Amino acid sequence: MATAFLYLATFVGATLLSLALVPLVREYAQRKEIHDNPGGHKSHTKPVPYLGGVAMVVAFSIAMFVGVFLRRSAVIDGRQINLTIGNLFAQGDGLLRELMVVLGLAITFSIMGLIDDLRGLSPWLRFIVGVGLATALVAYGVQLDSPLPLAADFVVAVIWILGITNAFNLLDNIDGLAAGVAAMASTAFFFIAVMNDQQYSALLAIGLAGAMLGFLRSNFHPATIYMGDAGSLFIGFMMAYLGLKMRTTVSEIPQLFAPLLVLGVALLDTVIVVVSRIRRGVSPFTGGQAHLSHRLRRLGLSVPRSVSTLLLASAALCILAIGLSEATAGVGYWILGAALATGALTTVLLTTKVARVESGLAGNVTPLRRDVG
């Protein structure tokens, strides 16, 4: 069927499903008292329902299966749409099989996050399960395509999946940030995939963007529902998958770094948080308020402005990544240099004494939201 229509239908379908499911899940969470309660290092002052991630996962999964069905079974003839059910299961490129594998692994990550939300899990158990799921995806054939030896590509791909998945888990620390960054990153992956004729990757990316957009209506400040680990681990895994699937027509070294730019805000947040905790002798698995959003708040920005600043930065990096994906080597290195310089300056600004004071010493800092990292 017409590719543009397919993308539009998938995006609209995922958005509407997410918009419809989030309120239902919120009501269920409130009725069952499944809340993120304040206390400890968390900075929100009243219970907020969890389970928003469950709504996103369901909305995205349904939209993807419908999208794949339309892609393989629908033909537009004038004003008529003809469906051929048998085509869905016909021998071909193995998309349906890969979609089931990827969604199965991502949903397993989400279920682990949901159990952690509800009952709590050991960080080491989460790590071991994460390594197993990442290794399974790479062993299936979703690997890095680089000049490195195959064994090195395998290891780097596993590390990439674990790193990005947990980066989004850490990024979910203030209203609207993780879902907003994921929506922008998905959109960037969509454009890169379209420009390089990767129709299935484009379909997944635009569907994920729609699911994020529908959730954001209830997650922007003041949030009425949180995605929880069930949502952040799922979208992190899908972001890592899309990054590995990205291919470009320009085969130059700089193009390998385009996914890093797309996900630059999440990666910078993770690096700053982990380094900060290690320097203070604190476990990286321990929650705290050393994130980019918290540092911007301590510089005097409100919650909406802190989130908007980081989303604008994410949008700028996504635009650079789209340009990088089609740039020659010479131009690509300039783009990477500019991005690295900007990241370094941002790190200097956000690690000043004022921006890095921990919440317990911050005096009159306005409460933010909880930090699930």
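In case you missed it, the structure is sitting above this.
Nothing here was measured: the structure is a model prediction, and the numbers come from that model. (Residues numbered from 1 in each chain as written. Predicted model: local features only at pLDDT ≥ 70, side-chain atom pairs only at ≥ 80, totals over all residues. Heavy atoms only, no water.)

A. How the structure looks around a nonpolar patch on the surface. On the surface, Ile 253, Leu 256, Phe 257, Leu 260 and Tyr 333 cluster together to form a nonpolar patch covering roughly 410 Å² of accessible area. Along the chain, Ile 253 turns up in the loop between helix H8 (228–245) and helix H9 (258–262). With relative accessibility at 38%, the residue Ile 253 sits in the partly exposed group. (Patch = residues over 30% accessible without salt bridge, like charges linked within 9 Å, V, L, I, M, F, W, Y side chains within 5 Å. Areas by Shrake-Rupley, 256 points an atom, 1.4 Å probe, with all protein chains shown as cover. Salt bridge = Lys/Arg side-chain N within 4 Å of Asp/Glu carboxyl O. Helix = DSSP H or I, 4+ residues; strand = E, 2+ residues; numbered from the N terminus. Buried < 20%, exposed > 50% of the residue type's maximum accessible area, 1.4 Å probe, protein only.)

B. Here's a closer look at helix H12 (residues 303–325). Taking 1.5 Å per residue, 23 residues should reach 33 Å; H12 reaches 33 Å between its end C-alpha atoms and fits that length. Those residues of H12 not exposed but buried are Val 303, Ser 306, Val 307, Leu 310, Leu 311, Ser 314, Leu 317, Cys 318, Ala 321, Leu 324 and Ser 325. Close packing links the buried residues of H12 with helix H6 (177–195), H9, helix H10 (264–279), helix H11 (292–298) and helix H13 (329–350). (Expected span 1.5 Å × (residues − 1). Contact = heavy atoms within 4.5 Å.)

C. View of unusual backbone geometry. Following His 221, the chain continues to Pro 222 via a peptide bond in cis, the omega torsion being -5°. Mapped onto the elements, Pro 222 comes out in the loop between helix H7 (199–219) and H8. Even without being glycine, Leu 51 reaches a positive phi, approximately 80°. The topology assignment puts Leu 51 in the loop between strand S2 (48–49) and helix H2 (52–73). Classification of Leu 51 by relative accessible area gives buried; the value is 9%. The phi dihedral of Asp 197 is positive, around 55°, even though this residue is not glycine. Counting through the fold element by element, Asp 197 comes out in the loop between H6 and H7.

D. Just empty space enclosed by the protein, in detail. Going through the model one piece at a time under the given rule, you end up with one cavity of 30 Å³ or more. The space that makes up the largest cavity amounts to roughly 50 Å³. Elements that contribute at least two residues to the lining of the largest cavity include exactly H6, H7 and H8. Its residues placed into classes, the lining of the largest cavity shows seven nonpolar, two polar and one charged. (1 Å grid on protein atoms, 1.4 Å probe; cavity = no way out; pocket = protein on both sides within 12 Å on 5 of 7 lines; lining within 4 Å. Points joined across faces, edges and corners; volume = space filled by probe spheres on them. Nonpolar A, V, L, I, M, F, W, Y, C, P; charged D, E, K, R; others polar.)

E. Quick look at the layout of surface pockets. Its boundaries defined by the atoms lining it, the second largest pocket holds a volume of some 630 Å³. Around the second largest pocket sit 26 residues that line it, and Gly 264, Leu 268, Leu 317, Ala 339 and Gly 343 are the ones nearest its centre. Here the element with the most residues in the lining of the second largest pocket is H13; it accounts for 10 residues. Within the lining of the second largest pocket, the residues separate by chemical class into 20 nonpolar, six polar and no charged.

F. Structural detail: the pattern of salt bridges. The final tally for this structure, using the stated rule, is four salt bridges. With a closest N to O distance of 2.5 Å, Asp 116 and Arg 126 form a salt bridge. Taken together, the residues Asp 116 in helix H3 (residues 95–118) and Arg 126 in helix H4 (residues 123–140) connect sequence positions 10 residues apart. Considered together, Asp 116 and Arg 126 belong to a single accessibility category, that of buried residues. The network of salt bridges with common partners includes Asp 116, Arg 126 and Asp 229.

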